Amino acid sequence: MAQLIWFRNDLRLRDNPAVASALQRAGENGNVYGLFLYSEEQWRRHDWAPIKVDLLWRHLELLQQEAAEWGIELHIKSCRDWQTVPRVVRDFCGEYGITEVSFNREYPVHEQRRDRATQSWLAEQSIAVNSFHGMVIVPPVLRTQAGDYYKKFTPYYKSWLAHIQRSGLPQPYEKPERKALKPLGMPSAPDYPRCDSGAYVVGEEAAYQQLQQFVDERVADYDTDRDLPAIHGTSRLSPYWELGILSPVTAARLLQQQAPEFPHGLAEGAATWLSELAWREFYQHLMDAEPRLSYGKAFQAHTDAFAWSDDDAQFQAWCEGQTGYPIVDAGMRQLQQEGWMHNRVRMIVANFLVKDLHIDWRRGEKFFMQNLIDGSFPANNGGWQWSASTGTDAVPYFRVFNPTSQSKKVDPDGSYIRRFVKELVNCPTQEIHAPAKWARAAQVDYPEPIVDHAQARETFLRKFKAL
Ligand code: FAD
């Protein structure tokens, strides 16, 4: 009677329903194995960023050690692609005498297909499968009164809060009383580009400390600080939810300590942060309900008729942070340097690519995935379609961000810009949001704006309206 925990982007032992289930069924003495399958081919197809792979690999080593202390023998194996997974899992089960498999569900189409196929192969061998919604606080089961899935965030969020109020949060569990094992050791490193993720801690405990520190010290100011990219006003925990090193349930439980009527009754900062965790789940819920999102389709199908620009030089300038719009360039250079970008700036650069350069949002979406340490298909797709006005509950198409006034608003003294656009370090604050004149006079090598915002806006509005 051996148990298998099939790990995927849920790389933790605590607050992981698949782990809890396998441990409970195995009891003190039953064998528990873990299996993590990765595929370089799949990473390539899904544009995994080298920095995300690096974080994953660093974390896996610690997870394997900690799993061994919990009496779980974690195997890390490569496979060609998701099509080969059912055979690999079945063979593993055969080799180790597995009788039950537990895993947490993922919602994009290819992952769902992989899991269904594996489940039916396992059923043929009479191996039981237990699946859970361990990546989210609320499973993607919420429906409107008419039985449809939610397409607007606000009613979804109301229903999401009501679900938590009704069901409560799962209880935490402790490290089980089981004999510790010797870790198996890591396989040779994957044949995939890597980029140093050392600025991010790894291991469940270290990530948890960061979460706790944020909730104790900074969440109270989140509502006022979150839109200012120059300061450390957000949690920067996104890579940890994406790889499942932390569970959002753990975060919710910490917030619960601040309000007895949780999920209601939180102070402004904590309530706003909780709603951001709900945005993450809203996009997973859409991904689950709308398979066409997994195929690169716009949620609002008619917007696919937009005649996008194929100006590669402008796309390149955007990627390299050379557009002549300092806030856009600072954001894109932050992405290149840190593998992360502040949310407000993600919105500004996405808006700029689509509404000023008229370049297909899918090119921006891909570039983000190729570079983000927190690259998440549902959140990234949702963020891009929101910004491009092609998504559900997206920003209305006629709201085109003005990159210069956005810059003045979110980075009033220019300190975020100066941190990433070194050419502008000496630019006076009153010039820094539109520095062309100053750069010419000071003979500083910073590009002129690559488009005229007012003109680009008019053209975008005319073309989008015609759809
Ligand atoms: P915090 O402000 O501390 O928020 C807490 C958590 O809530 C985040 O860690 C994240 O998991 C979630 N969250 C916050 N805002 C959003 C949002 N708008 N949508 C979905 N979840 C949210 N987030 C990703 O995790 N991966 C992506 O690939 C991604 N791509 C994006 C692309 C675009 C164009 C835009 C506009 C947003 C994107 N986001 C993405 C959402 C958001 O920018 C990041 O989650 C956030 O910047 C992460 O920083 P943080 O952990 O400090 O967030």
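Remember, it's a predicted structure, so these values are computed and weren't measured experimentally.

1. Observations regarding the side chain of Thr390
Now for step 1: Along the polypeptide, Thr390 turns up in the loop between helix 16 (377-388) and helix 17 (403-410).
Now for step 2: Thr390 gets classed as buried once you look at its relative accessible area, which sits at 0%.
Now for step 3: For Thr390, the side chain forms a polar contact with the side chain of Gln385, separated by 2.8 Å.
Now for step 4: In this structure Thr390 touches Ala298, Phe299, Gln300, Thr303, Trp361 and Gln385, once residues within four positions along its chain are discounted.

2. Overview of the packing of aromatic side chains
Now for step 1: In this structure the tally under the stated criterion is 37 aromatic pairs.
Now for step 2: Relative to Phe282, the ring of Trp279 has its centre 5.7 Å away and its plane inclined at 80 degrees; by these criteria the two rings are edge-to-face. Linking Trp279 with Phe282, this pair stays in helix 11 (residues 268-289), spanning 3 residues, or about one helical turn.
Now for step 3: Residue classification places Phe282 among the buried residues on the basis of a relative accessible area of 0%.
Now for step 4: A connected cluster of aromatic rings, assembled from ring pairs, spans Tyr150, Phe153, Tyr156, Tyr157, Trp160, Trp279, Phe282 and Tyr283.
Now for step 5: Across the ring face of Trp6, the terminal group of Arg8 is positioned such that the distance to the ring centre comes to 4.2 Å.
Now for step 6: Taking the ring centre of Phe299 as reference, the NZ or CZ of Arg292 above it sits at 5.3 Å.

3. Topic: the environment of Lys77
Now for step 1: Tracing the chain through its elements places Lys77 in strand 3 (residues 72-78).
Now for step 2: Separated by 109 residues in the primary sequence, Lys77 and Met186 place their C-alpha atoms 9.3 Å from one another.
Now for step 3: In this structure Lys77 touches Leu35, Phe36, Leu37, Tyr38 and Phe92, once residues within four positions along its chain are discounted.

4. Side note on the site of the ligand
Now for step 1: Contacts to the ligand come from 28 residues, most closely from Tyr222, Thr234, Ser235, Arg236 and Asn343.
Now for step 2: Taking 820 Å² as the accessible area of the ligand by itself, protein coverage stands at 96%.
Now for step 3: At the level of secondary structure, the elements contributing two or more residues to the shell around the ligand comprise helix 9 (238-242), helix 11, helix 14 (343-356) and helix 16.
Now for step 4: Ranked by the residues each element gives to the shell around the ligand, the list is headed by helix 11, at 6 residues.
Now for step 5: Partitioning the shell around the ligand into residue classes produces 15 nonpolar, 8 polar and 5 charged.

The rules behind these values
Residues numbered from 1 in each chain as written. Predicted model: local features only at pLDDT ≥ 70, side-chain atom pairs only at ≥ 80, totals over all residues. Heavy atoms only, no water. Helix = DSSP H or I, 4+ residues; strand = E, 2+ residues; numbered from the N terminus. Buried < 20%, exposed > 50% of the residue type's maximum accessible area, 1.4 Å probe, protein only. Polar contact = N/O pair within 3.5 Å; in protein donor to acceptor, adjacent residues only side chain to side chain. Contact = heavy atoms within 4.5 Å. Phe/Tyr/Trp six-rings, centres within 6.5 Å; stacked < 30°, edge-to-face > 60°. Lys NZ or Arg CZ within 6 Å of the ring centre and 35° of its normal. Near = heavy atom within 4 Å. Areas by Shrake-Rupley, 256 points an atom, 1.4 Å probe, with all protein chains shown as cover. Nonpolar A, V, L, I, M, F, W, Y, C, P; charged D, E, K, R; others polar.

Any functional reading would require information beyond the geometric quantities listed.
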